[in-house]
Amino acid sequence: MVDAQLPRRSKETSVPFWRNVKVIGLLAQIIFVLAIVAGIGVLVNNVVTALAAANLPADFSFLTKPAGIPIAERPIPYEVTDTYGRALLIGFLNTLKVAVVGVVVATFLGVLFGVMRLSTNWLTRNIASVYIEVLRNIPLAVQIVFWYSAILLPFPPRISDPTSLPGGILLSNIGLAFPALYPTYRFSTWIPYLIAGVLLAVLAALWRRNRLRRLDVVGRVWPYPVVTFLLVAGVGLGLSYVNPSVPDNLEFTFEADRGRGTTAFVEDGKSRAAAFVPVTITLPEATLTTTSQNLVESRKVVPGTVRFPLIGKDEASSFDVAFADPAAAEEKGLKLAFTDYPSIGAVYADRNGNDKLDPGEDIDPETGRGYGGVSVVMTLTDFHRTLVSDRDGQVRTPLFKAAAVAQQADTGQSGLPRPGTRFSAFGPQAAEVEKANLTAETEILPVGALVWSRVYVPVTNYEGGMRFTVNYLALLLALVIYTSAFIAEIVRGGILAVPKGQREAARAIGLSGYQTFTLIIFPQAMRIVLPPMISQYLNLTKNSSLAALAGYAELFVIASVISNQTGAAIPIALLLVGAYLSISLAFSVVLNQVNARLAIVER
């Protein structure tokens, strides 16, 4: 009886689907999604139709067309004839260069000033307070313009007379250049040792961790894998320098009259650029000619300035500097005084006959200006310079002349044709070729896995080493200083959030102030400050799109130029969104993993 009544009761209590809450909810979600898709479809169709009517591209086919955009900052090889896609890749790498370096430096400065603001020292605390309160309240765009226009562009002096800093660093209004290590064509011999070093380092870390667990003691794991990797990698690097030889197909071609050379591998008649190859160039005798000028630098007139290319005193056995027209100079009583021998000097009239430049003697009383327009010739004996070719295999030297050619050119009697044929020296052995009385010797030096490339200035720009333009430096400085002010406040808040009892407990067990901060307070503060610091890292990355204010060719700047040239505004906007989203997600994933490792494990 019971079984007979159950179906009837179930039928009476069943709900039709149009009154079923679950079915209605599911249908509503499906209808909503369809409406969204339909709306997007209408918008996309309208955009595509409008772009087609305006004859503008709506796809990404423009990426394969030649760009024709000159880009000064090039982390990878790039030519004006390359495609739009490669130009955008250059911009993306430039953005990464600013973001990664900026995050590291801003973190260091932010932590430093955040800790300084909690110092008990009055001066230290107030310096940090002024730094934070002033810089975080100045708009970032203003700071970029300030660093670029007010600080770096007027920075004295010009490229021919850069400021030399310790370590071979050169600074001028062109930018900052410093020596750097580069991988050579023998770098592949070092790779097996690097792989072995990584594998052994992982094994050392696992062994150390298991040993600590087995002994149930507290200890550091990281020194063991680091030392293991450095030992293996160091041995491999040292072996790469044992009995190195120059490949038979590696050649160096040098055009003495142009001061340009090229290192290349030649196989089957085809030439391929050889990057980062050390070479030496020797000129038994050569001359340089320049003309004195009345320059204005840093709003100060520098009269009668003589500037030769930057040459070290040890790069030649002798320097002989004289006027191109000695008789005319003697008639006027002109002499030369060097402030940075043998490159920088001035022309002056030795009126009191003491053979040195006195105040006012560099000004001509008749004109009231300096002695500009006077030709000066420098003769160098046994000039030699060791250079490292760049990633395109190019090297440059100052534009030397043969002594006879220089003298005849200066006196207007040059009857010699300009040299037009190439001077070449092949193979590791030194070669000597004479052309138009200018003799040069070149040699390719053997090298290991890495080569040290120093900075020099052959003519009007840095060569060798690593170079940062003033555009990059202005953007980097503004981003770092602006962001570090916010990070400093985050760090200060994190330190203050650590319970006071932690500090008292550390002092109670005899820890010093430094130990209390580094071992107890700061590690706990890092767990608190890391999440908001991730937001500041993302802000720094996104704020790099203001690079146009400093003329730096980052992703947004290059994308804007391409958008103006091609009219592909919508596809480029999608690429920009994807690029910045990728960088932000990469930062978030990495730093959230770090945050998870630092978080306190609770029940």
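Check the entry above for the structure.
Residues numbered from 1 in each chain as written. Predicted model: local features only at pLDDT ≥ 70, side-chain atom pairs only at ≥ 80, totals over all residues. Heavy atoms only, no water.

Colleague: Sorry, what's going on with the overall build of the protein chain here?
Modeller: If you tally the helices and strands in the protein chain, you get 14 helices and 20 strands. Put simply, 67% of the contacts in the protein chain that link residues at least 6 apart link residues at least 24 apart. For the protein chain, the exposed surface amounts to about 33,500 Å²; the carbon and sulfur share of it is 62%. (Helix = DSSP H or I, 4+ residues; strand = E, 2+ residues; numbered from the N terminus. Contact = heavy atoms within 4.5 Å. Areas by Shrake-Rupley, 256 points an atom, 1.4 Å probe, with all protein chains shown as cover.)

Colleague: I'm lost on the packing of helix α4 (residues 122-135) against helix α10 (residues 470-497) in this one. Help?
Modeller: Each packed pair of helices is defined by two parameters, the angle between the axes and the distance between the axes. For the pair α4 and α10, the least separation of the axes is 9 Å and the interaxial angle reads 120°. Here α4 is positioned oblique relative to α10, judged by the angle of their axes. Relative to α10, the crossing made by α4 is left-handed. Within the contact between the two elements, α4 uses Tyr131, Ile132, Glu133 and Leu135 and α10 uses Ile481, Tyr482, Ser484, Ala485, Ala488 and Glu489. (Axes fitted to C-alpha atoms, helices over the stretch in contact; angles between N-to-C directions. Parallel < 35°, antiparallel > 145°, perpendicular 65-115°, else oblique. Left-handed = near helix turned anticlockwise from the far one by under 90°.)

Colleague: Got a minute to help me understand a nonpolar patch on the surface in this structure?
Modeller: Together, Phe32, Val33, Ile36, Val37, Ile40, Val44 and Val48 make up a nonpolar patch on the protein surface, roughly 630 Å² of accessible area in all. Mapped onto the secondary structure, Ile40 falls in helix α2 (residues 21-53). (Patch = residues over 30% accessible without salt bridge, like charges linked within 9 Å, V, L, I, M, F, W, Y side chains within 5 Å. Salt bridge = Lys/Arg side-chain N within 4 Å of Asp/Glu carboxyl O.)

Colleague: So what exactly am I meant to see when it comes to helix α14 (residues 569-598) here?
Modeller: For α14, with 30 residues, the first-to-last C-alpha span of 43 Å sits near the 44 Å given by 1.5 Å per residue. Taken residue by residue, α14 has Pro571, Ile572, Leu576, Ala579, Tyr580, Ile583, Ser584, Phe587, Ser588, Leu591 and Asn595 as its buried positions. In this structure, the buried residues of α14 make contact with α3 (84-116), α12 (513-543) and α13 (555-566). (Expected span 1.5 Å × (residues − 1). Buried < 20%, exposed > 50% of the residue type's maximum accessible area, 1.4 Å probe, protein only.)

Colleague: What is the right way to look at the pairing of strand β6 (residues 260-267) in this model?
Modeller: By the bridge criterion, six bridges tie strand β5 (residues 250-255) to β6 in an arrangement that is antiparallel. Bridge pairing in β6 places Phe252 opposite Thr263. Linking β5 back to β6 in an antiparallel pair, the connection comprises four residues, with Gly259 at a positive phi of about 70°. With three bridges connecting them, β6 and strand β15 (residues 394-396) associate as antiparallel partners. Each residue of the ladder has a partner; that of Thr262, found in β15, is Gln394. In terms of strand pairing, β6 meets strand β7 (residues 270-273) through four bridges, oriented antiparallel. Bridge pairing in β7 links Val266 to Ser271. Between β6 and β7, which follow one another and run antiparallel, lie two residues, and Asp268 among them has a positive phi close to 55°. (Pairing = 2+ DSSP bridges.)

Colleague: Just to check I follow, could you spell out the sheet that holds strand β3 (residues 175-178) for this structure?
Modeller: Pairing between the strands of a sheet is mediated by backbone hydrogen bonds and can be parallel or antiparallel. The four strands lie next to each other as β1-β2-β3-β20, forming an open sheet whose pairing is antiparallel. With partners counted over all chains shown, the strands left at the sheet margins are β1 (163-165) and β20 (466-469), one partner each. Neighbour to neighbour, the strand axes of the sheet diverge by 15° on average, direction disregarded. As paired elements, β1 and strand β2 (residues 169-172) share three bridges and run antiparallel to each other. From the neighbouring strand, Leu165 faces β2, where its bridge partner is Ile169.

Colleague: Sorry, what's going on with unusual backbone geometry here?
Modeller: Trans is the prevailing form of peptide bonds, just as negative phi is the prevailing case for residues other than glycine. The omega torsion of the bond from Tyr341 to Pro342 falls at 5°, within 30 degrees of zero and hence cis. Examined against the element boundaries, Pro342 turns out to sit in the loop between β12 (334-340) and β13 (344-349). Positive phi, close to 50°, is recorded for Asn243, a residue that is not glycine. Within the fold, Asn243 resides in the loop between α7 (223-240) and β5. Residue class for Asn243 comes out exposed when judged on its relative accessible area of 70%. Within the chain, Asp382 stands out as a residue other than glycine whose phi angle is a positive 55°. Here Asp382 lies in strand β14 (residues 375-388).

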